[in-house]
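Listed below are the residues making up each chain.
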Amino acid sequence: MAAIEILGLEKTYMVGFWRKRPKRALQPLHLTVEDGEIFGFLGPNGAGKTTTLKMLMGLVSPTAGTARILGKDWTDPEVKAQIGFLPEQPYFYDYLTAHELLDYYGQLSGVPAKDRKNRVEEVLQRVGLTDIKGIQLRKFSKGMLQRAGIAQAILHSPKLVFLDEPMSGLDPLGRRDVRDLILQLQQEGKTVFFSTHILSDAEALCDRVAIINKGELRGVGAVEELTKSVQGKVEVVWQGTQVPASMKALSAEFHVTGETVRTVISENQQDAAIDVLRRERLRLISIIPLRTSLESYFVEKLQHSQTTAGTSA
Amino acid sequence: MNARIAHIASNTFREAVRDRVLYNLIAFAVLISAAAIFIGQISIEIERLVVINLGLTAVSLFGMVIAIFVGIGLVSKEIEKRTLYTVLSRPVRRWEFIVGKFFGLAGTLVVNTFFMALGVFGALFYVAHRFSGADSSIFIALYFIILQFLIICALALLFSSFSSPLLSAVFAFSLFIIGSFADDLRGFATLAHGLTHWVATGAAYLVPNFSALNVISAVAHQQPISWQLVLQNTLYTLFYTAMALSGAVLVFDRRDLK
Ligand SMILES: Nc1ncnc2c1ncn2[C@@H]1O[C@H](COP(=O)(O)OP(=O)(O)O)[C@@H](O)[C@H]1O
Ligand SMILES: [Mg+2]
């Protein structure tokens with residue numbers, strides 16, 4: 001069974017105070033996350049990650065489309081008892097202590113009264129928030145709030161956890177804690193869906209990732225598969241503003257920024273490219289093998305979307 | 001009441017207490033004590049009348065201010081501060097949230113009114129040196145005052161579901177004032193003709209009828225309050241509050257949380 005099936009969810013916000021204009025935040029999105037996966041939802045700021053998560057949580061209504069979560073219709077209240085959610089930059093009732101907050105959330109999620117106290121202690125321990133008895137959340141630092149946020153997301157032992165930028169606001173140690181925690185959750189048989197714009201986190205954790213930019217899905221796959229596809233590629237940069245015709249046979253995309261042109265070609269065409277540039281008396285600046293990392297794949301995907309956006313505009 | 005609504009209500013009460021809403025009681029205590037001492041010194045015969053009139057009016061105004069200013073923030077503040085995300089992503093329906101918040105504030109106002117009522121009775125005892133049987137109708141006046149709070153709370157919630165906190169406060173306060181003259185408005189409506197008649201009649205029945213809920217003067221003058229009025233006001237409040245809350249739920253249900 002798929003843990004999450006997103007079936008064409010899309011969102012157009014109406015923006016502007018007086019005369020509302022539509023603003024497309026998410027193109028129809030189709031995505032399936034399998035049970036037990038750690039799934040990374042990757043994209044730069046403004047890509048539409050938070051919008052997608054808010055729709056899945058029922059906080060924002062989609063313009064069109066539906067979803068199934070844990071095999072049930074996503075609006076089914078029963079589903080909500082089995083999922084956890086960490087919002088982006090979470091904020092909580094600041095007049096409560098972390099214990100009170102979690103106890104309250106436990107009540108709302110239907111955790112039985114007799115288990116609540118233990119559960120609360122346990123999750124606070126787990127996210128490294130100890131020795132905070134009696135401190136109201138208004139005195140919490142950003143990192144502590146993030147930890148409290150993770151605690152409330154896993155408090156009721158959900159089967160599926162949604163985390164929106166879980167590493168943000170944390171110091172390097174905190175980030176490592178969260179990474180470890182996500183891996184532990186997977187070992188416990190849970191599914192984790194998290195958004196991030198930090199690639200190394202996704203690379204270190206995810207079974208599969210989806211890459212999204214400007215509201216549009218750019219690629220989905222296992223991390224190894226995605227990175228394989230850029231192996232054997234090099235980035236060529238030269239001075240100038242024009243692309244010689246014979247260069248166009250080697251690559252479909254060129255990025256002109258200021259006085260330089262960049263393109264990605266396969267490694268075995270490197271010599272041909274150098275010949276072309278020499279013949280055209282263009283100054284070669286660099287040829288760098290693309291790192292076989294998620295980062296290069298990511299950059300390539302984003303560049304692709306920028307050029308297509310540029311030509312269509 | 002389902003358990004989630006009860007939990008949301010009790011958390012709302014806790015918030016009000018921690019935000020020091022009940023501190024208004026200090027101001028009330030000072031006011032009522034000063035008034036009692038002052039009245040005790042100057043007047044003869046009419047102490048009772050003055051203390052009841054003044055005391056219950058103060059109870060009503062203090063509570064009204066709380067009902068409006070806490071009421072407009074009940075839901076809008078949670079949207080603004082994004083504390084709602086981690087509530088509504090749990091098995092909590094939006095209407096349960098609204099109703100829970102409403103009961104939380106209603107509870108706060110009942111507790112607050114209870115302490116203010118103690119102050120009024122204290123002042124009454126101070127000036128009159130004893131209670132009489134007629135004083136028991138003060139309870140009815142207090143009950144009606146609480147009913148007014150419920151209506152205003154629900155209206156504040158309704159307004160804040162679609163407009164800014166400031167505008168909501170203005171709307172709610174205006175309705176409190178106009179509603180207090182609902183009787184006069186109805187009288188005017190029957191006298192008017194043509195379009196004015198219809199507009200005035202519509203307005204007169206749409207605004208909350210606080211005239212009928214205000215028996216302070218009657219109680220001060222020891223006029224009896226009929227049980228019929230108690231029943232009528234109770235049903236009216238239930239209906240009016242339910243309508244206003246339903247409106248708030250309808251608006252809130254469609255709303256995107258920013
Ligand atoms: N409430 C809103 N009203 C209007 N536009 C919005 C709103 N929320 C997000 N957007 C827009 O939708 C796009 C996607 O935003 P978001 O989902 O927050 O991206 P991400 O989480 O990937 O950074 C952005 O262009 C953003 O400006
Ligand atoms: Mg975001």
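Chemist: Mind showing me how you'd approach the packing of aromatic side chains here?
Modeler: Residues and elements named next belong to chain B. As enumerated under the stated definition, the model contains 21 aromatic pairs over all chains in all. Seen from their ring centres, F28 and F62 are 5.3 Å apart, and the 85 degrees between their planes marks the pair as edge-to-face. Residue F28 is located in helix α2 (residues 24–42), and its partner F62 is located in helix α3 (residues 47–71); the two are separated by 34 residues in the primary sequence. Residue F62 is classed as partly exposed on the basis of its relative accessible area of 22%. Centre to centre, the rings of Y143 and F144 are 6.0 Å apart; their planes meet at 45 degrees, and the pair counts as tilted. Y143 sits in the partly exposed class, given a relative accessible area of 32%. Judged by its relative accessible area of 0%, F144 falls in the buried class. The aromatic ring of Y205 is capped on one face by R186, whose charged end is 4.1 Å from the ring centroid.

Chemist: Looking at this model, I keep getting lost on the sheet that holds strand β2 (residues 21–34) of chain A. Mind explaining?
Modeler: Sheets are built from strands that pair by backbone hydrogen bonding, the pairs being arranged parallel or antiparallel. All names here are of chain A. In space, the four strands of this open sheet follow the order β2-β1-β4-β5, with antiparallel pairing throughout. In this open sheet, the two edge strands, each paired with only one partner strand, are β2 and β5 (72–73). With two bridges connecting them, strand β4 (residues 64–69) and β5 associate as antiparallel partners. Bridging from a neighbouring strand, R68 pairs with D73 of β5. Along the sheet, helix α1 (residues 49–56) makes contact with β1 (2–15), β2 and β4, crossing β1 at roughly 115 degrees.

Chemist: How do you make sense of the coordination of the magnesium ion (ligand 2) when you look at a structure like this?
Modeler: Octahedral metal centres with six donors ideally show angles of 90 or 180 degrees, and tetrahedral centres with four donors ideally show 109.5 degrees. All names here are of chain A. Coordination of the magnesium ion (ligand 2) by the protein is provided by T50 (OG1), E88 (OE) and E88 (OE), with metal-donor distances spanning 2.0 to 2.7 Å. Of this pair, T50 sits in helix α1 while E88 sits in the loop between β6 (83–86) and α3 (98–108); the two residues are 38 residues apart in sequence, bridging distant segments of the chain. Assessed through its relative accessible area of 23%, T50 is described here as partly exposed.

Chemist: How should I be thinking about the interface of chain A and chain B in this particular structure?
Modeler: A common way to state how big an interface is: give the accessible area lost once the parts meet. The partner chain B presents 27 residues to the 32 residues of chain A that form the contact. Summed over both partners, the interface of chain A with chain B comes to about 2,700 Å²; 51% of that surface belongs to carbon and sulfur atoms. Looking only at chain A, the three residues that lose the most surface to chain B are L59(A), Y95(A) and L108(A), adding up to 26% of its buried area. Here chain A is connected to chain B by three salt bridges.

Cut-off values and rules
Residues numbered from 1 in each chain as written. Chains lettered and ligands numbered in written order. Predicted model: local features only at pLDDT ≥ 70, side-chain atom pairs only at ≥ 80, totals over all residues. Heavy atoms only, no water. Phe/Tyr/Trp six-rings, centres within 6.5 Å; stacked < 30°, edge-to-face > 60°. Helix = DSSP H or I, 4+ residues; strand = E, 2+ residues; numbered from the N terminus. Buried < 20%, exposed > 50% of the residue type's maximum accessible area, 1.4 Å probe, protein only. Lys NZ or Arg CZ within 6 Å of the ring centre and 35° of its normal. Pairing = 2+ DSSP bridges. Contact = heavy atoms within 4.5 Å. Axes fitted to C-alpha atoms, helices over the stretch in contact; angles between N-to-C directions. Donors = N, O, S within 2.8 Å, 3.2 Å for Na, K, Ca; no water. Buried area = accessible area lost by both parts, 1.4 Å probe. Salt bridge = Lys/Arg side-chain N within 4 Å of Asp/Glu carboxyl O.

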